[in-house]
Amino acid sequence: MSQTQLPRHRTAADRVIEAAWLLGLLLVPVLFTPRRSLAFVADPKYFALHLIAIVIVVAWVIEWATRRYASGYTGASGARRSVPGWAGRRPERWAVLAGVALGLIAIISTFLSPAPRVSLWGRSFVGLGYELYSFLALLIIFTAVAARLRHLDQAARILLVTMAAGGITSVYGISQNP
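Residues numbered from 1 in each chain as written. Predicted model: local features only at pLDDT ≥ 70, side-chain atom pairs only at ≥ 80, totals over all residues. Heavy atoms only, no water.

Asker: Can you explain the overall build of the protein? Please cite residues and give values.
Answerer: Helix and strand counts for the protein stand at seven helices and zero strands. Start at the N end of the protein and walk to the C end: the helices and strands fall as α-α-α-α-α-α-α. Across the 178 residues that make up the protein, the buried fraction comes to 27%. Of the roughly 12,400 Å² of accessible surface on the protein, 69% is carried by carbon and sulfur atoms. (Helix = DSSP H or I, 4+ residues; strand = E, 2+ residues; numbered from the N terminus. Buried < 20%, exposed > 50% of the residue type's maximum accessible area, 1.4 Å probe, protein only. Areas by Shrake-Rupley, 256 points an atom, 1.4 Å probe, with all protein chains shown as cover.)

Asker: Describe the environment of leucine 138, with residues and values.
Answerer: Of note, leucine 138 is situated in helix H6 (residues 132–148). Residues leucine 138 and isoleucine 52 lie 86 residues apart in sequence; the distance between their C-alpha atoms is 9.5 Å.

Asker: Now, about helix H1 (residues 12–30): what can you tell me, with residues and values included?
Answerer: Between its first and last C-alpha, H1 extends 27 Å over 19 residues, near the 27 Å set by a 1.5 Å rise per residue. Within H1, the full set of buried residues consists of Ala13, Ile17, Glu18, Ala20, Trp21, Leu22 and Gly24. (Expected span 1.5 Å × (residues − 1).)

Asker: Which residues make up the nonpolar core, and what are the values?
Answerer: With 15 residues, the main nonpolar core has Ile17, Trp21, Ile56 and Ile141 as its most contacted residues. Of all elements in the fold, only H1, helix H2 (44–71), H6 and helix H7 (152–175) reach the threshold of two or more residues within this core. In terms of residue count, H2 provides more of this core than any other element does, six residues in total. Beyond its immediate chain neighbours, meaning those up to four positions away, tryptophan 21 contacts Ile52, Ile141, Ala144, Val145, Arg148, Leu149, Gln154 and Ile158. (Core = buried A, V, L, I, M, F, W, Y, C linked by side-chain atoms within 4.5 Å. Contact = heavy atoms within 4.5 Å.)

Asker: An account of the pattern of salt bridges is needed here, citing residue identities and associated values.
Answerer: Taken as a whole and assessed by the stated rule, the structure comprises three salt bridges. Ionic pairing is found between arginine 148 and glutamate 63, a salt bridge with its closest N-O pair at 2.4 Å. On the criterion of sequence distance, the pair formed by arginine 148 in helix H6 and glutamate 63 in helix H2 is long-range, its members being 85 residues apart. Judged on exposure class, the residue arginine 148 and its partner glutamate 63 are both buried. Overlapping salt bridges, with partners in common, bring together Asp14, Glu63 and Arg148 in one network. (Salt bridge = Lys/Arg side-chain N within 4 Å of Asp/Glu carboxyl O.)

Asker: Describe the environment of serine 170, naming the residues involved and giving the relevant values.
Answerer: Within the element layout of this structure, serine 170 appears in helix H7. Overall, the relative accessible area of 40% leaves serine 170 in the partly exposed class. Remark: the alpha-carbon pair of serine 170 and valine 30, spanning 140 residues in sequence, is separated by 9.8 Å.

What follows is the structure, encoded as structure tokens:
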């Protein structure tokens, strides 16, 4: 099997997670709320971002639960490994660890903030983007890409979707110039 071919034994969770991050790369830059519209309380792009993060987390949980059930896991085996031992020389595991550390730092800083409610939920639902749950959604998507990107075909799909989303937003931006 060459490096550019995907293995035939990809799980459904792999496919769902990849579809979610590709959909997120396309939808988040393209969606917007016309300011004259009263249809949405929050921006549709943040709704899409949060929904995609939830889909990825649910796929991970289902994958973990089915793998644990299928392997007949009954408890701790007694042989515990350290975090550096688990990560070893695998860069994707170090990226996951960095994402987890960054998420923990963000959670701690939110609760130690002078205004924890604003740090957690944002000032208002009109100007989202800097609150904890949007940051964690972005971090979940980053971690999914870092942990699951294995083949050149996947990288090519990410590049194509990014180019398509950039092209769509560029055409829209240019069309607004009189």
